[in-house]
Amino acid sequence: MRYIRFLKTPRVVDGKNSPKASVHSLITITSDLGDSFLPNDLLLSVELISAVTEEVIVWTRVKWTGGMRTLPITLPLSRSRALCPLRVRVGVEPKAKFDEYGTLSSEDSKGVVSAWSGPLDPTRGAEEAVKLVERRFRVADRHTVHMWEETGESIARHIWDAGVAVTYHLEHVLSMFDTKDFTVYAEEQRNLRVLELGTGCGIVGICIAQSLENSDVILTDLPEAKDIVKRNIKESALAQGTTLSFLELDWEHESLDELNTLAPLDLVITADCTYNPDSSPALVNTMARITRTSPNVAVAVAMKVRHSSEDIFFQLMAEAGFQTTNSMTFPLPGDEKSCEETVDVYFYRRGA
């Protein structure tokens, strides 16, 4: 998959000796880690839209040429239109309100995820949009997941491929657990308790909270993720009877007192947290500690394998007494065709 990113967020520029201004931005199209660029030619739709009504004010087509690293974009802006809050959307499908997995997988889309800029409000003196980008994913014809992430080339607080795959295939992921996992809490007249490790922007945990009724979902990550996660939580429409919260959690802390205060958990899930083998010991240790107070917890690990060094994760899980109970594989939309890359989801229980 590839992601459109704003290297320079949209800004209003006054034209010299012209009655019109313009909106300028600079984009790139990269992998989730930002380590490679889209190698194909691709026609993009660029739209200046109302931040209030999402009416398309101005739109044009621009071409990304294989081999590019950046692409400048300019849209004309009349003075009258500069009197309302604005946003810029860049994507393959013209005037699309969200991305669908089937569309991303089509040959014409090249697996490229659309980007909606943050609001740009000249009426309040804001000449440049905030340095955030919104993603919108339509999940199973039920609802749209809106997710803010940082813009630019940094991989910090970005959405990654495994999180997107789990979001789109969440029903299948949840179906792989024993039926008792999702009925026992109802019999005990309590909410299902779900914890996500390494939540990043929060896409997986938030999708769970939007999909599963009567659940308590806790998103965890380092303190630097707090602001973007809280923003996404605030804008989420939760399923009936479900709560959603964020907890700062550092896997390297030996005590992990935060975990000891939680009620027993039913499900722990993590996505794209195994790419760095140096962090795998802390991740596995954290999962093992969770099982001390939640011995019956089910664990799901989603990963897009990027290099052979990630095999250490499986070795550490086995040494810690975790046993694989199931697994599944989802194809990812690709540059040329689907299935070029995949996301694997492994399900675990810890033995006595």
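Preceding this paragraph is the structure being described.
If you're wondering where the values come from, they're calculated on a predicted model, not measured in any experiment.

**What to know about the sheet that holds strand β6 (residues 86-91)**
Taken in spatial order, the 6 strands make up an open sheet running β4-β3-β6-β8-β9-β10, and their pairing is antiparallel. Two strands close off the open sheet at either side, each with one partner strand: β4 (56-64) and β10 (143-150). Put simply, the sheet's adjacent strands are angled 25° from each other on average, direction ignored. Pairing between strand β8 (residues 115-117) and strand β9 (residues 132-139): 2 bridges, direction antiparallel. Across the sheet, residue Ser 117 finds its bridge partner in β9, namely Val 133. Relative to the sheet, helix α6 (residues 226-234) contacts β9 and β10, its axis offset from that of β10 by approximately 155°.

**Points about the sheet that holds strand β5 (residues 71-77)**
Overall, mixed pairing links the 4 strands, which are arranged β5-β2-β1-β7 in an open sheet. Edge positions in the sheet fall to β5 and β7 (112-113), since each of these pairs with one other strand and no more.

**Here's the deal with the packing of helix α2 (residues 161-168) against helix α5 (residues 203-211)**
Here α2 crosses α5 at 10°, and the two axes come no closer than 9 Å. As the angle between them shows, α2 and α5 are arranged roughly parallel. α5 is crossed by α2, and the crossing has right-handed handedness. Where α2 abuts α5, its residues Gly 163, Val 164, Val 166 and Thr 167 lie against Ile 203, Val 204 and Cys 207. Its residues assigned to classes, the contact of α2 with α5 shows 5 nonpolar, 2 polar and no charged.

**Regarding the packing of aromatic side chains**
In the structure shown here, the tally under the stated rule is 7 aromatic pairs. Ring centres of Tyr 101 and Tyr 168 lie 4.8 Å apart, and the angle between their planes is 50°; on these two criteria the pair is classed as tilted. Of this pair, Tyr 101 sits in helix α1 (residues 101-104) while Tyr 168 sits in helix α2, and the two are 67 residues apart along the sequence. An identical accessibility class is assigned to Tyr 101 and Tyr 168; each is buried. Ring centres 6.5 Å apart and planes at 80° place the aromatic pair Phe 313 and Tyr 348 in the edge-to-face group. One end of the pair, Phe 313, is in helix α9 (residues 311-319); the other, Tyr 348, is in strand β17 (residues 341-350), and 35 residues separate them in sequence.

**Details of α9**
Turning to α9, its buried residues number three or more, namely Phe 313, Leu 316 and Met 317. For α9, the angular spread of the buried residues around the axis is 100°, confining them to a single face. Facing away from the buried side of α9 by over 90 degrees, the exposed positions are Ala 318 and Glu 319. Close packing links the buried residues of α9 with α8 (280-293), β15 (298-303), β16 (322-332) and β17. Following α9 by one or two positions, Gly 321 adopts a phi angle in the positive range, close to 90°.

**Let's talk about the pattern of salt bridges**
Under the definition given, this model contains 16 salt bridges. Where Arg 306 meets Asp 272, a salt bridge forms, and the shortest distance between an N and an O atom there is 3.2 Å. Highlighted residues: Arg 306 in the loop between β15 and α9 and Asp 272 in the loop between β14 (267-271) and α8, separated in sequence by 34 residues. With relative accessibility at 24%, the residue Arg 306 sits in the partly exposed group. Residue Asp 272 is classed as buried on the basis of its relative accessible area, which comes to 7%. Here Lys 304 makes a salt bridge to Glu 341, at a shortest N to O gap of 3.1 Å. One end of the pair, Lys 304, is in the loop between β15 and α9; the other, Glu 341, is in strand β17, and 37 residues separate them in sequence. Lys 304 gets classed as buried once you look at its relative accessible area, which sits at 6%. Among the charged side chains, a salt-bridge network with shared partners connects Glu 54, Arg 87, Lys 97, Glu 134 and Arg 136.

**Some points on the nonpolar core**
Proteins that are soluble and globular tend to have nonpolar side chains buried together. Counting 51 residues, the largest nonpolar core has Val 164, Val 166, Ile 203, Ile 208, Leu 219 and Val 345 as its most contacted members. With 6 residues, α5 is the single largest residue contributor to this core. Residue assignment places this core across two domains, with domain 1 (2-139) and domain 2 (161-350) each supplying three or more. Contacts of Val 164, omitting those with residues within four sequence positions, involve Met 1, Tyr 3, Phe 137, Ile 159 and Ile 203.

Criteria and cut-off values
Residues numbered from 1 in each chain as written. Predicted model: local features only at pLDDT ≥ 70, side-chain atom pairs only at ≥ 80, totals over all residues. Heavy atoms only, no water. Pairing = 2+ DSSP bridges. Helix = DSSP H or I, 4+ residues; strand = E, 2+ residues; numbered from the N terminus. Axes fitted to C-alpha atoms, helices over the stretch in contact; angles between N-to-C directions. Contact = heavy atoms within 4.5 Å. Parallel < 35°, antiparallel > 145°, perpendicular 65-115°, else oblique. Left-handed = near helix turned anticlockwise from the far one by under 90°. Nonpolar A, V, L, I, M, F, W, Y, C, P; charged D, E, K, R; others polar. Phe/Tyr/Trp six-rings, centres within 6.5 Å; stacked < 30°, edge-to-face > 60°. Buried < 20%, exposed > 50% of the residue type's maximum accessible area, 1.4 Å probe, protein only. Arc of directions from axis to C-beta. Salt bridge = Lys/Arg side-chain N within 4 Å of Asp/Glu carboxyl O. Core = buried A, V, L, I, M, F, W, Y, C linked by side-chain atoms within 4.5 Å. Domains from an automatic or database assignment.

By themselves, these observations are geometric and do not establish any function.
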